[in-house]
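Understanding the architecture of this molecule
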Amino acid sequence: TSPEKKRVLELEAEVHKQVGLIAKRKDELITEGSQRYKDFTEYKKLEADIGLLLSRGGTTREIDTSLKKIEADIKRFSESMVAVESLIPSVNEEKKLLSENLATSKEETAKVQKEAASFTDRELERQAKGYANQIMNAIEEQTGLIATRLDRLQERWEIKKNALTLLEKTREKLITMKAAN
């Protein structure tokens, strides 16, 4: 196998690696989208339940029971907010690394273009240039997918923050209702 053919095979292997990384990032994005939908649905249900709870009032015992449930929900949403918040820095770091990889990939693509121009086999030259461009495009796509994942995480965090605020306001209203009884 000629050095030219080896180089083309290396580039082809890198394309396959990048395609695998794209699939992984798409899967992560699907998971984040599903989680965001679940979080939003849970928030809307919580909103409806709280509206019903506050509209019907209740005895001191019912209010105490509701307060216990609200406290448990506050704890649960606080913990889930922290969990989502803890993912954001690592995804930000991934985004930064991919941006650096993209810059490196653009330089590498230019080198491969120059290197391939010296190949004696024109078909191998065409393949090398094509693979180099595919690698750069794959890294660009991954950068976009990571940015979208980061947006989804921040949306999830906002949903959880809104739910937590709603729960805290509800707790205060229940305490006021209990005092009025």
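Our structure is the block above this text.
What this report covers is the structure whose coordinates are included nearby. Bear in mind that the values here come from a model prediction, so they are computed numbers and not experimental data.

Looking only at helices and strands, the chain has 3 helices and 0 strands in total. Helices (α) and strands (β) of the chain occur, in sequence order from the N terminus, as α-α-α. Relative to its length of 181 residues, the chain is extended, with a C-alpha radius of gyration of 27 Å against a globular reference of 16 Å. Taking the principal axes of its C-alpha atoms as reference, the chain extends roughly 90 × 20 × 20 Å. Relative to its full complement of 181 residues, the chain shows a buried share of 33%. Across the chain, contacts joining residues at least 24 apart in sequence account for 91% of those joining residues at least 6 apart.

What follows deals with the nonpolar core. Formed by 21 residues in total, the largest nonpolar core has its most connected members in V8, L11, F119 and A128. If one sorts the elements of this core by residue count, helix α3 (residues 122-180) sits on top with 10 residues. Among all residues touching F119, those that are not within four sequence positions of it are E4, R7, V8, L124, E125 and A128. Core analysis: the second largest hydrophobic core is formed by 16 residues, I63, L67, I74 and L174 among them.

One can find E14 in helix α1 (residues 3-56). Classification of E14 as partly exposed rests on a relative accessible area of 26%. It is 32 Å that separates the C-alpha atoms of E14 and Q154, two residues lying 140 residues apart in sequence.

Turning to α3, a few remarks are in order. Between its first and last C-alpha atoms α3 spans 87 Å; for 59 residues at 1.5 Å apiece the expected length is 87 Å, and the two agree. The N-cap residue of α3 is D121: its side-chain oxygen and the backbone nitrogen of E123 are 2.9 Å apart.

The next thing to look at is the pattern of salt bridges. As enumerated under the stated definition, the model contains 26 salt bridges in all. For the salt bridge of E32 with R149, the shortest nitrogen-to-oxygen distance reads 3.7 Å. Here the residue E32 occupies a position in helix α1, and R149 occupies one in helix α3, the gap between them amounting to 117 residues. The buried category is assigned to E32, whose relative accessible area is 5%. Between E125 and K129 there is a salt bridge, with the nearest N and O atoms lying 2.9 Å from each other. Note that E125 and K129 are positioned in helix α3 at a spacing of 4 residues, about one turn of the helix. According to the relative accessible area criterion, E125 is buried, its value standing at 12%. The exposure class of K129 is partly exposed, given its relative accessible area of 24%.

Further remarks concern α1. For α1, built from 54 residues, the straight-helix expectation of 80 Å at 1.5 Å per residue is met to within 8% by its first-to-last C-alpha distance of 80 Å. G57 sits one or two positions beyond α1 and adopts a positive phi of about 70°.

What follows is about the environment of I63. Inspection of the secondary structure assignment puts I63 in helix α2 (residues 60-117). Each residue touching I63, except ones within four places of it in the same chain, is listed here: G58, L174, M177, K178 and N181.

The rules behind each value
- Residue numbers run consecutively from 1 along every chain, following the written order of its sequence.
- The model is predicted, so local features are restricted to residues of pLDDT at least 70 and side-chain atom pairs to those at 80 or more, both for listing and for counting; the totals for chains, interfaces and linings are taken over all residues.
- Each side-chain value is worked out from all heavy atoms of the structure, with water and hydrogens disregarded.
- Comment: elements are numbered from the N terminus, with helices defined as DSSP H or I runs of at least four residues and strands as E runs of at least two.
- We compute the radius of gyration from the C-alpha atoms alone; for a globule the expected value is 2.2 Å times N to the 0.38, where N is the number of residues.
- The cut-offs for exposure are 20% and 50% of the maximum accessible area for each residue type, with area from a 1.4 Å probe on protein chains only; residues under the lower value are buried, those over the upper are exposed, and the others partly exposed.
- In this description, contact between two residues means that some pair of their heavy atoms is separated by no more than 4.5 Å.
- To form a nonpolar core, buried Ala, Val, Leu, Ile, Met, Phe, Trp, Tyr and Cys residues must be joined to one another through side-chain atoms within 4.5 Å.
- Here the expected length of a helix is defined as 1.5 Å per residue gap, with one fewer gap than residues.
- What qualifies as a polar contact is a pair of N or O atoms within 3.5 Å, subject to a donor-acceptor requirement within protein and to the restriction that residues adjacent in sequence count only when both atoms come from side chains.
- We count a salt bridge whenever a side-chain nitrogen from Lys or Arg sits within 4 Å of a carboxyl oxygen from Asp or Glu.

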